[in-house]
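Structural features, examined
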Amino acid sequence: MFKDIAPKASAGTVKQSRRLRRTMTLPEVLLWQALRGRPGGLKFRRQHPCGPYTLDFYCNDARLAIEVDGEAHSRNDQPKRDAVRDAWFVDRGIATMRIAAAEVLKDLDAVVRGVFAQASASLPLHHPAGGPPPRDKLGEE
């Protein structure tokens with residue numbers, strides 16, 4: 001596991017994140033049921049507080065935020081607000097993957113494969129130094 005570089009939650013964000021965990025949308029629940037099984041050994045957090053925002057899902061090792069966007073994300077000034085939010089995370093070393101809620105409902109397996117592919121591509125090539133190598137690298141079982 002890598003050091004968590006995500007910004008600490010702002011005041012009130014933790015409370016909001018806890019509330020959002022209890023009121024997840026159907027596409028978020030379906031995706032969480034798939035991601036909580038740690039596909040490919042990757043750990044995901046749901047409704048993760050980060051700075052002034054709450055991420056739908058977050059993989060710390062891949063520095064990847066996953067946002068499930070419903071129809072409301074295409075109305076009014078929401079696309080502009082999403083772009084500002086995504087830029088805020090990019091400045092802090094976190095990429096954002098946006099998935100349409102309709103896609104999750106239509107083909108969950110394809111969405112999970114896409115999330116895993118994106119997260120795997122974002123992983124560093126090696127673990128940071130400072131500890132012993134993994135047991136399987138030593139020839140031990």
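Residues numbered from 1 in each chain as written. Predicted model: local features only at pLDDT ≥ 70, side-chain atom pairs only at ≥ 80, totals over all residues. Heavy atoms only, no water.

Comments concerning the confidence of the model for the chain
Summarising the model, the chain shows a mean pLDDT of 82, and 79% of its residues fall at 70 or more. Mean pLDDT per element in the chain: helix α1 (residues 13–22) is the minimum at 74, and helix α4 (residues 101–106) is the maximum at 94. (pLDDT = per-residue confidence, 0-100. Helix = DSSP H or I, 4+ residues; strand = E, 2+ residues; numbered from the N terminus.)

Quick word on the environment of E71
Along the chain, E71 turns up in the loop between β3 (64–69) and α3 (78–91). Judged by relative accessible area, which is 58%, E71 ranks as exposed. Separated by 30 residues in sequence, E71 and A101 place their C-alpha atoms 7.8 Å apart. (Buried < 20%, exposed > 50% of the residue type's maximum accessible area, 1.4 Å probe, protein only.)

Quick notes on the pairing of strand β2 (residues 53–59)
Taken across its 7 residues, β2 has 6 buried, putting it largely inside the fold. In this sheet, β2 lies alongside strand β1 (residues 45–50) in antiparallel orientation, the contact comprising 5 bridges. Among the inter-strand pairings, R45 is bridged to a residue of β2, identified as Y58. Between β1 and β2, which follow one another and run antiparallel, lie 2 residues, and G51 among them has a positive phi close to 60°. Here 3 bridges tie β2 to β3, and the two strands are oriented antiparallel to one another. Its bridge partner lying in β3, Y58 is registered against A65. (Pairing = 2+ DSSP bridges.)

A short note on the sheet that holds β2
Pairing is mixed across the open sheet formed by 4 strands, whose spatial order is β1-β2-β3-β4. With one partner strand each, in any of the chains shown, β1 and β4 (95–100) form the two edges of the open sheet. Strand-to-strand twist of the sheet, defined as the mean angle between neighbouring strand axes without regard to direction, takes the value 45°. Of the strands in this sheet, β1, β2, β3 and β4 touch helix α2 (residues 26–35), which is tilted by about 35° from β2. Contacts between α3 and the sheet are confined to β1, β2, β3 and β4, with β2 contributing the most and set at about 55° to the helix. (Axes fitted to C-alpha atoms, helices over the stretch in contact; angles between N-to-C directions. Contact = heavy atoms within 4.5 Å.)

Section: the pattern of salt bridges
Taken as a whole and judged by the stated rule, the model has 5 salt bridges. Residue R85 is joined to E67 by a salt bridge in which the shortest nitrogen-to-oxygen separation is 3.0 Å. Within this pair, whereas R85 is found in helix α3, its partner E67 is found in strand β3, the two being separated by 18 residues in sequence. Since its relative accessible area comes to 4%, E67 is described here as buried. One salt bridge connects D69 with R98, and the closest N-O pair in it is separated by 2.9 Å. Here the residue D69 occupies a position in strand β3, and R98 occupies one in strand β4, the gap between them amounting to 29 residues. (Salt bridge = Lys/Arg side-chain N within 4 Å of Asp/Glu carboxyl O.)

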